[in-house]
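# A structural walkthrough
These are the residues of each chain, in order.
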Amino acid sequence: MTLSVDKISKTYGTQQVLSQISFSLKQGEIVGVLGPNGAGKSTLFKILTAYIKPTSGKAEIHGIDVSKNPLSIKKKLGYLPESNPLYLNMYVKEYLGFLTSLHKISNHKIKDIIKQVGLETEAHKKIGQLSKGYKQRVGLASALLHDPDVLLLDEPTTGLDPNQLIEIRNLIKEIGKTKTVLFSSHILQEVEAICQRVILINKGKLVADI
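Conventions adopted
Residue numbers here run from 1 along each chain, matching the order of that chain's written sequence. In keeping with the predicted nature of the model, local features appear solely for residues at pLDDT of at least 70, side-chain atom pairs appear and are counted solely at 80 or more, and the whole-chain, interface and lining totals rest on all residues. Heavy atoms throughout the structure, all of them, feed into the side-chain values; hydrogens and water do not. The way it works is that DSSP assigns letters per residue, a run of H or I at least four long becomes a helix, a run of E at least two long becomes a strand, and they are numbered from the N terminus. Note on classification: 1.4 Å probe, protein chains only; a residue is buried when its accessible area is under 20% of the maximum for its type, exposed when over 50%, partly exposed between these limits. Residues are treated as being in contact if the distance between any of their heavy atoms lies within 4.5 Å. Aromatic pairing here means that ring centres of Phe, Tyr or Trp (its six-membered ring) are within 6.5 Å. Orientation follows from the plane angle: under 30 degrees is stacked, over 60 is edge-to-face, and everything else is tilted. Any Lys or Arg side-chain nitrogen located within 4 Å of an Asp or Glu carboxyl oxygen qualifies as a salt bridge. Any two strands with at least two DSSP bridges between them are considered paired. Between N-to-C directions, angles cover 0 to 180 degrees, with each direction set by a line fitted to C-alpha atoms, over the stretch in contact for helices. Think of it like this: strands point away, you trace from the first strand over the helix to the second, and a clockwise trace means the crossover is right-handed.

This part is about the environment of Val 117. Looking at where Val 117 falls in the secondary structure, it is placed in the loop between helix H4 (109–116) and helix H5 (132–144). Under the relative-accessibility criterion, Val 117 is labelled buried at 1%. As for Val 117 and Ala 141, which are separated by 24 residues in sequence, their C-alpha atoms are 6.4 Å apart. When neighbours within four sequence positions are excluded, Val 117 is seen to be in contact with Arg 137, Leu 140, Ala 141, Leu 144 and Leu 171.

This is how it looks when you write it as structure tokens:
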């Protein structure tokens, strides 16, 4: 299994946010995590990215424990958070070049990534000048730049107009041909349009895996 989640629970004080969540993903799967706002989706993603630790249980990527080996995991993982934090005053190419220096990889990959996510016409602009849809493409480019095996997308289509929705959906489907993708949303239509399988979470509990 590329990604394995085994009985993950998370509590904050007396509040239980996740309770005994278990599932696994194979290479090349696009799987949706569906649930209402507050269901625990973002908390699950933060655990999978080693941003926070679970209270109990464990997650593994290629057999590597996420909590015990966070740096190793981050080399194998691409993450687009719901907020999609970007440096708005930087140009698209400049920003991606900055990220290649952080990852210590060649900046020759920038041209290919820009083409892959459809940013050719916008690459000379400042990120702050871009539409929401193109900002999401920049976020996807930054998540893909180091060629991760697993891609986590937290509510990536929120706030997009209908045309942007279709374009981002198609882009995620294309990416999913070679990578394992875990995609969260609270909108059923989005999960149906993109994902091959759905994991339903409600009130921190896994209620269906179909």
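Burial analysis of helix H1 (residues 41–48) places 6 of its 8 residues in the buried class, the great majority of the element. Buried within H1 we find Lys 41, Thr 43, Leu 44, Phe 45, Ile 47 and Leu 48.

In this section: the packing of aromatic side chains. Here the structure, examined in full by the defined rule, presents 2 aromatic pairs. Judged by centre distance (5.9 Å) and plane angle (85 degrees), the rings of Tyr 87 and Phe 98 are edge-to-face. A residue pair is termed long-range when its members are at least 10 positions apart, and Tyr 87 in the loop between strand S6 (77–80) and helix H3 (92–103) and Phe 98 in helix H3 qualify at 11 residues. By way of ring pairs, the aromatic residues Tyr 87, Tyr 95 and Phe 98 are connected into one cluster.

Turning next to the pattern of salt bridges. Considering all chains together, one arrives at 9 salt bridges under this definition. The residue Glu 60 makes a salt bridge to Lys 58 at a minimum N-O spacing of 3.2 Å. On the accessibility criterion, Glu 60 (22% relative accessible area) is partly exposed. By relative accessible area, Lys 58 is classed as partly exposed at 37%. A salt bridge links Glu 122 to Lys 125; its shortest N-O distance comes to 2.9 Å. Look at Glu 122 and you get buried, because its relative accessible area is 10%. Within this structure, Glu 29, Arg 197 and Asp 209 form a network of salt bridges that share partners.

With that settled, consider the sheet that holds strand S1 (residues 3–12). Read across the sheet, 4 strands follow the order S2-S1-S4-S5 without closing on themselves; strand pairing throughout is antiparallel. Bordering the open sheet on either side are strand S2 (15–25) and strand S5 (64–65), each of which pairs with just one other strand. Bridging between strand S4 (residues 56–61) and S5 involves 2 bridges; their strand directions are antiparallel. Bridged to Glu 60 within S5 is Asp 65. In the packing of H1 onto the sheet, contacts are made with S1, S2 and S4, and the angle to S1 comes to roughly 120 degrees.

This paragraph deals with the pairing of strand S7 (residues 150–154). The buried count for S7 comes to 5 of 5 residues, which makes it a mostly enclosed element. The alternating pattern of S7 places Val 150, Leu 152 and Asp 154 on one face and Leu 151 and Leu 153 on the opposite face, and all of these are buried. Two strands pair when backbone bridges link them, and S6 and S7 are joined in this way by 4 bridges, in the parallel orientation. What sits directly across from Leu 80, in S7, is Leu 153. Of the strand pairs in this sheet, S7 and strand S8 (residues 180–185) are connected by 5 bridges, and their pairing is parallel. Across the sheet, the residue bridging to Asp 154 is Ser 184, located in S8. Since S7 and S8 lie parallel, the crossover through helix H6 (residues 162–175) that links them has a hand, and here it is right-handed.

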